[in-house]
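# Descriptive structure summary
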Amino acid sequence: MSTPKIVTFGCRLNSYESEVMRKHLQDMQAKDVIIVNSCAVTGEAERQVKQSIRKLRRDHPTSKILVTGCAAQLNPGDYSRMSEVNAVFGNREKLDPLQLATVLNVDTVAVREKPIVNVQDIMQVRETAHHLISGVDQRSRAFVQIQQGCDHRCTFCIIPYARGNSRSTSPQQIIQQIQHLVDAHIAEIVLTGVDITSYGQDLSQPITLGKLAADILNQVPKLPRLRLSSIDPIEMDPLLWDVIGSEQRLMPHLHLSLQAGDDMILKRMKRRHSSAQAVQLCQRLHQHRPDIALGADLIAGFPTETEEMFQNSLRHVQDCHISFVHVFPYSPRAGTPAAKMPQLPVEIRRERANLLRQLGDRQRQNFFAKQLGKIQKVLIEKQEEDYSVGHSQHFASVRVPQAIEPGHIVQMVATAFQGDYIIADRLAE
Ligand code: SF4
């Protein structure tokens, strides 16, 4: 293997950071290096990271393997003790080209015996490091980091301990980055971070996510599509409501961090909204932008959740008219308050997760049924011989029976749906 390989786990923020590391390695003309950009959001995520490291070592016996990301930040020893690993870097160190260079310039054998461990206290970090990426792996959509870390402490969540407190990138740097990507013919930008609704509060001239979105759309008129990654429903600022209601280039799709539909569980999670507030907010979103589609994250089997509380979460998905449900069976993370609460048996967590997923499938099919005969503005992401796939304005997966080059946005009409896909065809002339 000669060209560097980056294996990315987890969230869109990790995907963005992997692009930053890829650019650094390209600039350094690095060879024979593998970076594993890990995730620690669940126990299962960490199991997959370790499994992947072992396989990478088997497949690439002489390459240098560097492990970074949230799992490495939280438990560097867990990875430096693995004989397959040559270096372990923290979430801040991974973005610093000088730090990355230290691994490239040392003898592979030496770092086999004594892996390099460079993981600083992430809670001491006060600013986001800005990096200009010039493209992404696939040619249609790019994730742009606007914010990092989180000031909240939801009781189930390990992320703030891996990524530090909330810190924002300056709006000028973000707009420069987006202009750069639009010049490289990227058709859709996804604003990403850990808690993007807290964007801008830490800047010397505080601004809101809504103001940032409005500025991006004003100052980058050639940007075809802007999308937001997951948001905390209770923290939407008034200007964000305006932009959602008026800007067609802001995609009519929001992914909400709901987590549960029972008030006692929301309280024990230390979430900042009640189930009634979430339902009201979703109703207001549907009134404000009638073509909007909503997605949501939900946790199944949080400690102390009774059958009745779980039924409240199921009902909540319908009351909020959620079309795309992402389900996480609760996973205790060492160091979080919820891990010390009385745990539900794993089978119950899995069973409830399956029930939520089944409901999610029905919600998605209902949404697809309502799209039949309607216009799908599809950003093509993959071209096959006689068909292409992409995402609609609602972030629904769409399959079109023509070979169209990735990066094009095409207007199609939904004619059918099958499994995870809407089937769409060209509008009749
Ligand atoms: S808002 Fe809560 S769930 Fe989200 S990253 Fe912060 S602590 Fe975790």
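Residues numbered from 1 in each chain as written. Predicted model: local features only at pLDDT ≥ 70, side-chain atom pairs only at ≥ 80, totals over all residues. Heavy atoms only, no water.

## Structural notes on the side chain of D262
Positionally, D262 belongs in the loop between β11 (253–259) and α11 (263–268). Despite being buried, D262 has no salt bridge partner; R268 is the closest side chain of opposite charge, sitting 6.8 Å away. Separated by 3.1 Å, the side chain of D262 and the backbone nitrogen of I265 make a polar contact. Reaching out from D262, the side chain makes a polar contact with the side chain of N312 at a distance of 2.7 Å. Sequence-distant contacts of D262, defined by excluding residues within four places in its chain, comprise M309, N312 and S313. (Helix = DSSP H or I, 4+ residues; strand = E, 2+ residues; numbered from the N terminus. Buried < 20%, exposed > 50% of the residue type's maximum accessible area, 1.4 Å probe, protein only. Lys, Arg positive; Asp, Glu negative; His and termini not counted. Salt bridge = Lys/Arg side-chain N within 4 Å of Asp/Glu carboxyl O. Polar contact = N/O pair within 3.5 Å; in protein donor to acceptor, adjacent residues only side chain to side chain. Contact = heavy atoms within 4.5 Å.)

## As for the site of the ligand
Taken together, C150, H152, C154, F156, C157, P160, V194, R271 and R272 make up all the residues around the ligand. Classifying every residue of the shell around the ligand gives six nonpolar, one polar and two charged. (Near = heavy atom within 4 Å. Nonpolar A, V, L, I, M, F, W, Y, C, P; charged D, E, K, R; others polar.)

## Section: the sheet that holds strand β9 (residues 188–192)
One open sheet holds the three strands; their spatial order is β6-β9-β10, and the pairing between them is parallel. Every other strand in the sheet has two partners, leaving β6 (141–145) and β10 (225–228) as the edge strands with one partner each. Within this sheet the neighbouring strands show an average axis-to-axis angle of 25 degrees, counted without direction. Direction of pairing for β9 relative to β10: parallel, over a ladder of four bridges. Paired with L191 across the strands is L228, a residue of β10. Taken strand by strand, helix α8 (residues 171–183) contacts β6 and β9, and its axis lies near 165 degrees from that of β6. The sheet contacts of helix α9 (residues 209–219) involve β9 and β10, and relative to β10 the element is tilted by about 165 degrees. (Pairing = 2+ DSSP bridges. Axes fitted to C-alpha atoms, helices over the stretch in contact; angles between N-to-C directions.)

## Brief notes about helix α13 (residues 307–319)
Between its first and last C-alpha atoms α13 spans 18 Å; for 13 residues at 1.5 Å apiece the expected length is 18 Å, and the two agree. Taken together, the buried positions of α13 are occupied by M309, F310, N312, S313, L314, H316 and V317. Where α13 is buried, its residues touch β11, α11, α12 (275–288), β12 (293–300), β13 (324–329) and α14 (346–371). In the stretch just after α13, H321 is the one whose phi turns positive, near 55 degrees. (Expected span 1.5 Å × (residues − 1).)

## Some details on the pairing of strand β17 (residues 409–418)
When strand β14 (residues 375–383) meets β17, the two strands line up antiparallel, connected through five bridges. When the sheet's bridge partners are listed, V378 is paired in β17 with V410. As paired strands, β17 and strand β18 (residues 421–426) are joined by six bridges and run antiparallel to one another. Within the sheet, the bridge partner assigned to V413 lies in β18 and is D425. The hairpin formed by β17 and β18 contains two residues between the paired strands, and G419 there has a positive phi angle of roughly 60 degrees.

## Focus: α8
With 13 residues, α8 extends 18 Å from end C-alpha to end C-alpha; this agrees with the ideal 18 Å at 1.5 Å per step. For α8, the full list of buried residues reads P171, I174, I175, Q177, I178, L181 and V182. The buried residues of α8 all sit within an arc of 160 degrees when viewed along its axis, so they share a single face. Within α8, the exposed residues directed more than 90 degrees away from the buried face are Q172 and D183. Here the buried face of α8 lies against α1 (12–27), β6, β9 and α9. Following α8 by one or two positions, H185 has its phi on the positive side, about 65 degrees. (Arc of directions from axis to C-beta.)

## Looking at the domain arrangement of the protein
Domain boundaries assigned for the protein yield domain 1 (5–120), domain 2 (124–251), domain 3 (253–371) and domain 4 (375–426). The interface of domain 1 with domain 2 comprises 20 residues on the first partner and 26 residues on the second. Of the roughly 1900 Å² buried between domain 1 and domain 2 on both sides combined, carbon and sulfur atoms contribute 63%. Of all residues in domain 1, R12, L13 and Y16 bury the most surface against domain 2, accounting for 38% of the area lost on that side. In this assembly, domain 1 and domain 2 are joined by one salt bridge. The closest approach of N and O atoms between R163 and E17, which form a salt bridge, is 3.1 Å. (Domains from an automatic or database assignment. Buried area = accessible area lost by both parts, 1.4 Å probe.)

## Quick notes on the nonpolar core
One finds I178, I189, L191 and L254 to be the most contacted residues of the largest nonpolar core, which totals 55 residues. For this core, the element with the most residues is α9, which contributes six residues. For L254, the residues in contact, after removing those within four places along its chain, are L228, I231, M236, I244, L285, I292, A293, L294 and G295. Counting residues in each nonpolar core, the second largest holds 20 residues, with C39, A45, I53 and A71 among its members. (Core = buried A, V, L, I, M, F, W, Y, C linked by side-chain atoms within 4.5 Å.)

## Observations concerning the environment of L25
As for its position among the elements, L25 is in helix α1. In this structure L25 comes out as buried when scored by relative accessible area, which is 3%. In contact with L25, not counting residues within four places along its chain, are P4, I6, A30, I35, L100 and L104.

## As for the packing of aromatic side chains
The full count for this structure, using the stated rule, is four aromatic pairs. Where F367 meets F368, the ring centres are 6.4 Å apart and the plane angle is 55 degrees; that geometry is what we call tilted. Judged by relative accessible area, F368 falls into the buried class, the value being 1%. In this structure an aromatic cluster arises from ring pairing among F324, F367, F368 and F417. Seen from the ring of Y79, K50 lies directly overhead, with NZ or CZ sitting 5.1 Å from the centre. (Phe/Tyr/Trp six-rings, centres within 6.5 Å; stacked < 30°, edge-to-face > 60°. Lys NZ or Arg CZ within 6 Å of the ring centre and 35° of its normal.)

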